[in-house]
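Spelled out from the first residue to the last, the chains are:
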Amino acid sequence: MTARIEHLVTSGQFSLDGGTWDVENNVWIVGDDHEAIVIDAAHDADAILEAVGDRRLKAIVCTHAHNDHIDAAPELADRTGATIWLHPDDLPLWKQTYPDRDPDAHLVDGQVIEAAGADLTVIHTPGHAPGAVCLYDPALGAVFTGDTLFQGGPGATGRSFSHFPTIIDSIRDRLLALPPDTKVLTGHGESTTIGAEAPHLEEWIARGH
Ligand SMILES: [Fe+2]
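The residue count restarts for each chain, going from 1 along the sequence in the order it is written. Only residues with pLDDT of at least 70 are given local features in this predicted model, and only at 80 or more are side-chain atom pairs given and counted; all residues enter the totals for whole chains, interfaces and linings. To get the side-chain values, all heavy atoms of the structure are used, and hydrogens and water are removed first.

A.B. asks: Just to check I follow, could you spell out the environment of Lys95 for this structure?
C.D. replies: Helix and strand assignments follow DSSP, with helices taken as H or I runs no shorter than four residues and strands as E runs no shorter than two, numbered in order from the N terminus. Its location among the elements puts Lys95 in helix H4 (residues 91-97). For Lys95, a relative accessible area of 38% translates into the label partly exposed. Separated by 2.7 Å, the side chains of Lys95 and Asp102 make a polar contact. Note on exposure labels: buried denotes an accessible area under 20% of the residue type's maximum, exposed denotes more than 50%, and partly exposed covers the range between, all computed with a 1.4 Å probe on protein chains only. Whenever a nitrogen or oxygen atom comes within 3.5 Å of another N or O atom, the pair is scored as a polar contact, on the condition that within protein one atom can donate a hydrogen and the other can accept it, and that pairs from neighbouring residues in sequence are kept only if both atoms are in side chains.

A.B. asks: Hey, could you run me through the coordination of the iron ion in this one?
C.D. replies: Six octahedral donors around a metal ideally sit at 90 or 180 degrees from one another, while four tetrahedral donors ideally sit at 109.5 degrees. Only N, O and S atoms count as donors, using a 2.8 Å limit from the metal and a wider 3.2 Å limit for Na, K and Ca, and since water is excluded some coordination spheres may look unfilled. Around the iron ion, the donor atoms from the protein are His64 (NE2), His66 (ND1), His128 (NE2) and Asp147 (OD), and they sit 2.2 Å away. Take His64: its relative accessible area is 1%, and that puts it in the buried class. Given the relative accessible area of 5%, His128 is considered buried.

A.B. asks: Explain empty space enclosed by the protein to me, please; I cannot follow it from the model alone.
C.D. replies: Regions of empty space are outlined by a rolling probe, equal in size to a water molecule, passed over the atoms. Using a grid of 1 Å spacing that covers the protein atoms alone, one calls a set of points a cavity when a 1.4 Å probe fits there but cannot get out, and a pocket when the set is open and has protein on both sides within 12 Å along at least five of seven lines; lining residues are those with an atom within 4 Å of a point. Grid points are joined across faces, edges and corners, and a volume is the space filled by probe spheres set on the points. Taken as a whole, this structure holds one cavity of 30 Å³ or more when the rule is applied. Lining the largest cavity are Phe14, Leu16, His66, His128, Ala156, Thr157, Gly158, Arg159 and Ser162. Across the lining of the largest cavity, the residue classes tally to three nonpolar, five polar and one charged. Residue polarity follows a fixed list, in which Ala, Val, Leu, Ile, Met, Phe, Trp, Tyr, Cys and Pro are nonpolar, Asp, Glu, Lys and Arg are charged, and the others, Gly among them, are polar.

A.B. asks: Is there a simple way to think about the packing of aromatic side chains in this case?
C.D. replies: The description of an aromatic ring pair uses the distance of the two centres, along with the angle that the planes make with each other. For this analysis, a ring pair means two rings from Phe, Tyr or Trp (six-membered ring only for Trp) whose centres lie within 6.5 Å, classed as stacked if their planes differ by under 30 degrees, edge-to-face if by over 60, and tilted for the remaining angles. Within the structure shown, the criterion is met by three aromatic pairs. The ring centre of Trp21 lies 4.4 Å from the NZ or CZ of Arg159, which sits over that ring. Charges are assigned to positions over rings by a cutoff of 6 Å between ring centre and Lys NZ or Arg CZ, combined with an angular limit of 35 degrees from the ring normal.

A.B. asks: What is the right way to read the environment of Gln151 from this model?
C.D. replies: Secondary-structure assignment places Gln151 in the loop between strand E11 (149-150) and strand E12 (153-154). In this structure Gln151 comes out as partly exposed when scored by relative accessible area, which is 48%. Here the side chain of Gln151 touches Ser191 through a polar contact of 3.4 Å, landing on its backbone oxygen.

As structure tokens, then:
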């Protein structure tokens with residue numbers, strides 16, 4: 001295992017259902033000195049390119065297609081030759097931002113994305129968005145959860161294409177089944193662990209978000 005995890009925070013806006021909000025996003029880079037993949041090319045292709053440096057960028061994996069997670073993906077792909085990966089259930093959201101350009105490849109549950117010795121297994125976790133995915137590597141001891149699981153609870157399910165019972169099923173059945181010491185590296189805000197979040201599942205169900 002030579003891969004390491006790097007991280008930057010970029011600023012921009014999230015728009016859906018006619019509203020727009022200022023947001024900060026976590027951009028995760030998994031790689032070594034030679035190659036890397038980016039998880040969620042948010043807001044700022046220049047900043048992400050600077051963090052990637054002279055490494056070969058193999059792939060841009062989108063945890064879901066809310067515009068704040070994909071708004072730098074095509075530019076980053078065009079400037080590096082990287083492949084944009086998205087679960088096809090999020091194509092309707094993707095097309096709200098990019099009606100004339102599709103992602104390059106479709107993510108499938110159980111697929112493994114390889115980069116620099118890391119093996120990131122795709123876990124389809126619908127609920128926040130229908131094509132939301134998490135990426136888990138037991139060797140890294142980390143799961144990248146996008147907007148499915150945060151420090152303090154599930155991602156938002158109040159807007160279009162979201163469904164609270166579905167995100168609860170995804171979190172309970174797919175994420176809380178991971179080892180408790182697994183780092184949870186999120187799409188926004190602070191990191192957490194599976195073990196820190198798991199005891200709160202019933203609270204989240206009771207409060208409904
Ligand atoms: Fe989102």
